[in-house]
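Letter by letter, the chains look like this.
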Amino acid sequence: MSRSAFISEIIEKAKANQRTIVLPEGADDRVTEAANMIAAEGIAKVIVLGGEDTVAKVGKAVTVVNPETSEKLDDYVQEFYELRKARGMTLEKAKEILQSEVNYFGMMMVQCGDADGLVSGAAHSTADTVRPALQIIKGARKGGMVSSLFFMVCEGTPYIFSDSGLVENPNADQLAQIAVQSAQTALQFSMPAKVAMLSYSTKGSACNPLVDKVVEATATAKQILADDFSGLDIELDGEFQLDAAIVPSVAASKAPGSGVAGQARVLIFPDLNAGNIGYKLVQRLGGAEAYGPILQGLNKPVNDLSRGCSSEDIVGVAAITALQSL
Ligand SMILES: CC(C)(COP(=O)(O)OP(=O)(O)OC[C@H]1O[C@@H](n2cnc3c(N)ncnc32)[C@H](O)[C@@H]1OP(=O)(O)O)[C@@H](O)C(=O)NCCC(=O)NCCS
Ligand SMILES: CC(=O)OP(=O)(O)O
């Protein structure tokens, strides 16, 4: 598949900055293939975790680190123990985890500054990728939420879908936070921050507690934007059905006067059922490029993948990760 202009530009910016990205899943052929592509195209410096089998699959420009024999292991064990001892971690358990679970070892590389970012999830579930990030890298603000999004490139136009990967059943306040985080990510990636709070109702056309949550989240998000982000070019509105959010003619009849309806580029789903099904529908039936889950709100960049990803998807997410680390 040829690359969209959106991801090509991100890749070019990554090339100019040469960050170091660790891919922990060296046992997976898509990952070693992606590592070779990243190195050959000069997108980033790339480290893959694995043993002799992995060494045999990658070119000389890819660094392979074996967690079991790494000279950094003892330092990482000590640091991991310090980070988690209040949660019952022992030195013995820390060593066992870092030698056997590549995502934990990779997170420690990022935490200790030996890599700028991490991409995993081709062979691990989202929970097994994100939990070590939450435990080690942690949220950027104490008590702050970490959420996720997909960059969806639909016929050349990039959209953000959130949360399609992490927060399962956000309450209204959490949904508002997801919307504000996603708006900031849109600006970080030079996308219009026109944010639609999605529902099966448009501006009061249906009445149900499911809709009330989105209405409340819309009001809260607008307040947060007015209080804390008034200088930024962000517009947020809702609640909208998907057609009212992105189709101008439908917006004109269902939500006249809204500055977001019909033009939304950041789509906020009411829960993870809707968000995860929604992105996979657009990817699998609509043929869109899908990059993510991209995590937002972490101290350092760590990003997830779908287990259905291709090596090209991994390359795109690695380039996005590189830009998040700047
Ligand atoms: C990511 C996920 C595993 C976290 O689950 P969890 O059960 O809360 O994990 P834990 O209880 O082990 O929490 C780990 C730490 O992260 C924190 N945490 C959990 N969710 C968080 C969030 N969204 N933001 C910030 N911190 C979070 C916890 O407070 C805990 O911190 P601590 O151990 O330092 O006190 C869970 O939200 C999940 O499974 N999400 C759905 C993933 C999925 O299946 N997606 C579909 C495919 S993409
Ligand atoms: C993002 C996602 O749905 O991941 P997976 O397909 O691995 O469950």
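Below you will find a few notes about this structure. A quick note: this is a predicted structure, and the numbers were derived from the prediction, not measured. (Residues numbered from 1 in each chain as written. Chains lettered and ligands numbered in written order. Predicted model: local features only at pLDDT ≥ 70, side-chain atom pairs only at ≥ 80, totals over all residues. Heavy atoms only, no water.)

### Notes on the site of ligand 1
The condition that has to hold: If a single non-hydrogen atom of a residue is within 4 Å of a molecule or strand, that residue counts as near it. Pairs of N or O atoms are called polar contacts if they sit within 3.5 Å, as long as, within protein, a hydrogen donor faces a hydrogen acceptor (for residues adjacent in sequence, only side-chain-to-side-chain pairs). Areas reported as accessible are Shrake-Rupley estimates using a 1.4 Å probe. Residue values count occlusion only from the protein chains shown. For the purposes of this entry, the term helix denotes a DSSP run of H or I that reaches at least four residues, the term strand denotes a run of E that reaches at least two, and both are numbered from the N terminus. Under the scheme applied here, ten amino acids are nonpolar (Ala, Val, Leu, Ile, Met, Phe, Trp, Tyr, Cys and Pro), four are charged (Asp, Glu, Lys and Arg), and all others, including Gly, are polar.
Looking at ligand 1, there are 15 residues lining it, with Arg84, Arg87, Thr126, Val146 and Gly165 nearest. Residue Arg87 places a side-chain N or O atom 2.6 Å away from an oxygen atom belonging to ligand 1. Burial of ligand 1 by the protein chains amounts to 64% of its free accessible area of 950 Å². Of all the elements in the fold, those that place two or more residues in the shell around ligand 1 are helix 7 (126-137) and helix 12 (272-284). With five residues, the top contributor of residues to the shell around ligand 1 is helix 7. For the shell around ligand 1, a count of residues per class yields seven nonpolar, four polar and four charged.

### Notes on the packing of aromatic side chains
To keep it simple, the criterion reads: Here the aromatic set is Phe, Tyr and Trp, taking the six-membered ring for Trp, and pairing holds for ring centres within 6.5 Å; pairs whose planes are under 30 degrees apart are stacked, those over 60 apart are edge-to-face, and all others are tilted. Over a ring means this: the NZ of a Lys or the CZ of an Arg is within 6 Å of the ring centre and within 35 degrees of the ring normal.
The tally for this structure, following the rule as stated, stands at six aromatic pairs. Seen in terms of ring centroids, Tyr76 and Phe105 are 5.2 Å apart; in terms of plane orientation they differ by 70°. Their pairing is edge-to-face. Of the two residues, Tyr76 sits in helix 4 (residues 73-84) while Phe105 sits in helix 6 (residues 102-111), which places them 29 residues apart along the sequence. Among the aromatic residues, those joined into a cluster by ring pairs are Phe6, Phe151 and Phe189. We note Arg265 situated over the ring of Tyr159; from NZ or CZ to the ring centre the distance is 5.8 Å.

### Points about the nonpolar core
The test is simple: Here, nonpolar core means buried Ala, Val, Leu, Ile, Met, Phe, Trp, Tyr and Cys residues that are tied together by side-chain atoms lying within 4.5 Å of each other. Partly exposed residues are those whose accessible area sits between 20% and 50% of the maximum for their type, while under 20% is buried and over 50% is exposed, using a 1.4 Å probe and protein chains only. Note on contacts: a residue pair qualifies if any of its non-hydrogen atoms lie within 4.5 Å across the two residues.
Among the nonpolar cores identified, the biggest contains 89 residues, and Leu23, Phe80, Leu98, Met109 and Phe151 are the most heavily contacted of them. The residues touching Leu98, leaving out its near neighbours within four places in the chain, are Pro67, Leu73, Tyr76, Val77, Phe80, Tyr104, Phe105 and Met108. Phe161, Ala245, Ala264 and Tyr279 belong to the second largest nonpolar core, which has 19 residues in total.

### Focus: helix 5 (residues 91-100)
Let me state the cut-off plainly: To be clear, the arc concerns the directions from the helix axis to the C-beta atoms.
Residues of helix 5 that are buried: Ala94, Ile97 and Leu98. Around the axis of helix 5, the buried residues are gathered within 95° of arc, so they sit on the same side. The outward face of helix 5, more than 90 degrees from its buried face, is lined by the exposed residues Glu92, Glu96 and Ser100.

### With respect to the pattern of salt bridges
What counts, and what does not: Salt bridges are counted wherever a side-chain nitrogen of Lys or Arg sits within 4 Å of a carboxyl oxygen of Asp or Glu.
For the structure on display, the rule yields 13 salt bridges. Between Glu12 and Lys15 there is a salt bridge, with its nearest N and O atoms 3.1 Å apart. Taken together, the residues Glu12 and Lys15, both in helix 1 (residues 5-17) and three residues apart, mark about one turn of the helix. The partly exposed category is assigned to Lys15, whose relative accessible area is 28%. For Arg131, the salt bridge identified is with Asp128, shortest N-O distance 3.9 Å. With Arg131 and Asp128 both in helix 7, this residue pair falls three residues apart, about one helical turn. For Arg131, a relative accessible area of 44% gives the class partly exposed. What you see here is one network of salt bridges that share partners, running through Arg3, Glu41 and Glu312.

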